[in-house]
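Chain by chain, the residues run as shown.
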Amino acid sequence: GAVVSQHPSRVICKSGTSVKIECRSLDFQATTMFWYRQFPKKSLMLMATSNEGSKATYEQGVEKDKFLINHASLTLSTLTVTSAHPEDSSFYICSARTTGRETQYFGPGTRLLVL
Amino acid sequence: GEDVEQSLFLSVREGDSSVINCTYTDSSSTYLYWYKQEPGAGLQLLTYIFSNMDMKQDQRLTVLLNKKDKHLSLRIADTQTGDSAIYFCAESRMSTDKLIFGTGTRLQVFP
């Protein structure tokens, strides 16, 4: 139980284009989803928290117009990197949690490379 | 502060025990977690401990929590080559939804 998937697993795009990453909870209802970014050999940096049906809450320093987050259903959240630039290249990981449970379950991550 | 710190690297021989340490600063932590990350993959939840406990054992894994010293450890018994990965501790607090992650410890197991 508690499986979270991400799609795509890796994506290469041209500078200036937008990329959408999906995060799905496969066997539970994810009332809250989190998006993290991980730089090489570094820890995870929380980007934003989204509750189903509400606007995402972004961490300080994260541009909400650049990293668009949608959490329209209890099993799906999307992160769209708009007008991507090479410095946006990173490993993006989502996690999901259900109401009343503390534990976050993580997706396998999406590696984004912007050329 | 929000610092959660771990040593960067640990190398052990196959069959030995591994002990990965973590220190945190916030005394209001409710749960403390250990996650495992293999190369190019997401995080796998290994185990967690509630802040009012001082020990939890789960098969080869033993978690020790010293709340007074704000010190958490993960002991892996009979370490195998498949245990080679990066291990992150993380704390959650009652006041926020956030998980605060440690810096990660790279465990290397050699034959």
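Presented here is a report on the structure given in the accompanying data block. Predicted model, so just to flag it, every value in this text is computed and none were measured.

Contacts between chain B and chain A engage 20 residues on the former and 22 residues on the latter. Summing the contributions of chain B and of chain A, the shared interface buries around 1,500 Å²; its carbon and sulfur component is 53%. Where chain B meets chain A, there are one salt bridge. Our count for the contact surface shared by chain B and chain A stands at five residue pairs in polar contact (both at pLDDT 80 or more). Of all the secondary-structure elements, those providing two or more residues to the side of chain B that touches chain A are β4 (29-37), β5 (43-50), β9 (85-93) and β10 (99-101) of chain B.

Now for unusual backbone geometry. Here the residue pair His7(A) and Pro8(A) is connected by a cis peptide bond, since its omega of 0 degrees sits within 30 degrees of zero. Positive phi, normally seen in glycine, also occurs at Ser83(A), with a value near 45 degrees. Its location among the elements puts Ser83(A) in the loop between β8 (76-81) and β9 (90-97). Judged by relative accessible area, Ser83(A) falls into the partly exposed class, the value being 35%. One non-glycine residue, Asp78(B), lies in positive phi territory at about 50 degrees. Tracing the backbone shows Asp78(B) in the loop between β8 (71-76) and β9.

A few words now on the sheet that holds strand β3 (residues 19-25) of chain A. Residue and element names in this part refer to chain A. An order of β1-β3-β8-β7 is seen for the four strands of this open sheet, with the pairing classed as antiparallel. In this open sheet, the two strands that pair with only one neighbour each are β1 (4-7) and β7 (67-73). The average undirected angle you get between the axes of adjacent strands in this sheet is 15 degrees. Bridge count for β7 against β8 is five bridges, and the pairing is antiparallel. When the sheet's bridge partners are listed, Asn70 is paired in β8 with Thr78.

So, about the pattern of salt bridges. Residues and elements named next belong to chain B. Across all of its chains, the model carries six salt bridges over all chains by this definition. In this structure, the salt-bridge partner of Glu38 is Lys36, at a minimum N-O distance of 3.8 Å. Exposure remark for Glu38: the relative accessible area of 37% places this residue in the partly exposed category. Asp69 is the partner of Lys68 in a salt bridge, and the nearest nitrogen-oxygen pair spans 3.6 Å. Lys68 sits in the exposed class, given a relative accessible area of 73%.

Quick notes on the rules
Residues numbered from 1 in each chain as written. Chains lettered and ligands numbered in written order. Predicted model: local features only at pLDDT ≥ 70, side-chain atom pairs only at ≥ 80, totals over all residues. Heavy atoms only, no water. Contact = heavy atoms within 4.5 Å. Buried area = accessible area lost by both parts, 1.4 Å probe. Salt bridge = Lys/Arg side-chain N within 4 Å of Asp/Glu carboxyl O. Polar contact = N/O pair within 3.5 Å; in protein donor to acceptor, adjacent residues only side chain to side chain. Helix = DSSP H or I, 4+ residues; strand = E, 2+ residues; numbered from the N terminus. Buried < 20%, exposed > 50% of the residue type's maximum accessible area, 1.4 Å probe, protein only. Pairing = 2+ DSSP bridges. Axes fitted to C-alpha atoms, helices over the stretch in contact; angles between N-to-C directions.

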